Amino acid sequence: MVGKLYLCATPIGNLEDITFRVLRILKEVDLIAAEDTRNSIRLLNHFDIKTPMTSYHEYNKIEKAYQLVKELQKGKNIALITDAGTPGISDPGEELVRIACEAGIEVTSLPGAAACITALTLSGLSTRRFAFEAFLPKDKKERKRILEELKDETRTIILYEAPHHLVKTLEELRNNLGNRVITLCRELTKRYEEILRTTIDEVLEYYKEHEIRGEYVLIVEGKTIEEIEEERKKEWEMLSIKEHMEFYEEKGISHKEAMKLVAKDRGVSKRDIYQALI
């Protein structure tokens, strides 16, 4: 019999947030793959769990994933846990899941805490549609590309950030996205949980006088459709109507259809465009 891989969500702070099902599975499986065994041993000791552990982290995620899959194929059941939260969300667990699925291993997820969702629900911003970016890339070119993509993002944006990079990231968000409404969450579910609902400008001023401590989740308001349309209208108005028409006609769009598009872009009637052209 082939074993099963269990993705077990662990608390992001408060140990009471672990589920009864996760506790049962952690006791029943043959092996626990943990992101940091030194950190996870405290969790296991707290709940008197004696199951053997092995390390599975960013620096061994591919090689170790294949080793774990071999154990699963031999019939062992394995639980995957991260330092805090749900495995596979902004951590190397996604690689193990991919490789296990490719090998035909059954994978199941035991739901529980996730910092991104916890922060989103506390933010006071729209929760219907959101874009989860986790940590912005370290590579400068890729980071610039992502920030450029987020400039016109209409969904609520979720980011993770470490304390020593927080101000720099906030400054980059200000320069690329403008002065958006933002909620900063730290110490989630812990005794000194802090939720700061403000704007990017205000929070940059705030942290000139206040200490930055702990890991942060940033929830940033998306741009409204009205803002995007207004910005695009201003861009079109920088072109002459003749240049605007040429923009579409060079793409193979007919003269008549181009007139409709130019009129829509500028918020005027097709007749106005016709009159201007003659």
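Scroll up for the structure.
Residues numbered from 1 in each chain as written. Predicted model: local features only at pLDDT ≥ 70, side-chain atom pairs only at ≥ 80, totals over all residues. Heavy atoms only, no water.

## Examining the overall build of the protein chain
Definition in use: Helix numbering and strand numbering both begin at the N terminus, where a helix is a DSSP run of H or I of at least 4 residues and a strand a DSSP run of E of at least 2. Within these notes, the globule rule equals 2.2 Å times the number of residues to the 0.38 power, and the radius of gyration is based on C-alpha atoms. Accessible area is worked out with a 1.4 Å probe on protein chains only. A residue is then buried under 20% of its type maximum, exposed over 50%, and partly exposed in between. Between two residues, a contact is recorded if the distance between any of their heavy atoms is within 4.5 Å. Areas reported as accessible are Shrake-Rupley estimates using a 1.4 Å probe. Residue values count occlusion only from the protein chains shown. In this tally, Asp and Glu contribute negative charge and Lys and Arg positive charge; neither His nor the terminal groups of the chain are included. Charge coordinates come from a single atom per side chain, which is NZ of Lys, CZ of Arg, CG of Asp or CD of Glu.
Helix and strand content of the protein chain: 12 helices and 10 strands. Taken against the 2.2 N^0.38 rule, which gives 19 Å for 278 residues, the C-alpha radius of gyration of the protein chain at 25 Å runs more than 25% over that of a compact globule. Overall, the protein chain is about 85 × 50 × 30 Å in size when its C-alpha atoms are taken along their principal axes. By residue count, 41% of the 278 residues in the protein chain fall in the buried class. Here the analysis covers contacts within the protein chain between residues at least 6 apart in sequence; of these, 67% occur between residues at least 24 apart. Counting only carbon and sulfur atoms, one obtains 48% of the accessible surface of the protein chain, whose full area is about 16200 Å². Side chains of the protein chain give 44 positive and 50 negative charges; the mean places of these two sets differ by 2 Å.

## Re a nonpolar patch on the surface
Cut-off, in case you're wondering: Surface patches are defined over residues having more than 30% relative accessible area and no salt bridge, joining like charges when they lie within 9 Å and nonpolar side chains (Val, Leu, Ile, Met, Phe, Trp, Tyr) when within 5 Å. Put simply, a salt bridge is a Lys or Arg side-chain nitrogen that is within 4 Å of an Asp or Glu carboxyl oxygen.
Side chains of Y274, L277 and I278 sit close together on the surface and give an oily, nonpolar patch of about 320 Å² of accessible area. Of note, I278 is situated in the segment after α12 (270–277). According to the relative accessible area criterion, I278 is exposed, its value standing at 67%.

## Structural notes on helix α7 (residues 166–177)
Which entries qualify depends on this criterion: The span expected for a helix works out to 1.5 Å for each residue beyond the first. Each C-beta atom gives one direction from the helix axis, and the arc is the one those directions make.
Its 12 residues place the ends of α7 16 Å apart at the C-alpha level, agreeing with the 16 Å of an ideal helix rising 1.5 Å per residue. All of the buried residues in α7 are L166, T169, L170, E172, L173 and L177. Projection of α7 onto a plane perpendicular to its axis shows the buried side chains occupying an angular sector of 160 degrees, all on one side. Considering only its buried residues, α7 is in contact with α6 (140–150), β7 (156–161), β8 (181–186), α8 (200–206) and β10 (216–220).

## What to know about the sheet that holds strand β6 (residues 130–134)
The pairing of strands in a sheet comes from backbone hydrogen bonds and takes either a parallel or an antiparallel form. For the record, the criterion: Two strands pair if DSSP finds at least two bridges between them. A fitted line through C-alpha atoms serves as each axis, taken over the contacting stretch for helices, and the angle formed by two N-to-C directions is quoted from 0 to 180°.
The strand order across the open sheet built from 5 strands is β6-β7-β10-β8-β9, with neighbouring strands paired in mixed fashion. In the strand order of this sheet, the two ends are held by β6 and β9 (194–199), each with one partner. Neighbour-to-neighbour, the strand axes of the sheet open up by a mean angle of 20 degrees, direction not taken into account. With 5 bridges joining them, β8 and β10 adopt antiparallel strand pairing. By the bridge assignment, T183 is partnered in β10 with I219. Together, β7, β8 and β10 form the strand contacts of α7, whose direction differs from that of β10 by roughly 10 degrees.

## Looking at the packing of helix α11 (residues 255–266) against α12
Quick note on the threshold: Here the word oblique covers every angle except those under 35 degrees (roughly parallel), over 145 (roughly antiparallel) and from 65 to 115 (roughly perpendicular). Here is the rule for handedness: rotate from the far helix to the near one, and if that takes an anticlockwise turn smaller than a right angle the crossing is left-handed, while a clockwise turn gives right-handed.
At a closest axis distance of 8 Å, the pairing of α11 and α12 adopts a crossing angle of 110 degrees. For the element pair α11 / α12, the angle class is roughly perpendicular. For the pair α11 and α12, the sense of crossing is right-handed. Residue-level inspection shows H255, K256, M259, K260, V262, A263 and R266 of α11 in contact with α12, the latter providing K270, I273, Y274 and L277.

In short, shape yes, function no, at least from these values alone.
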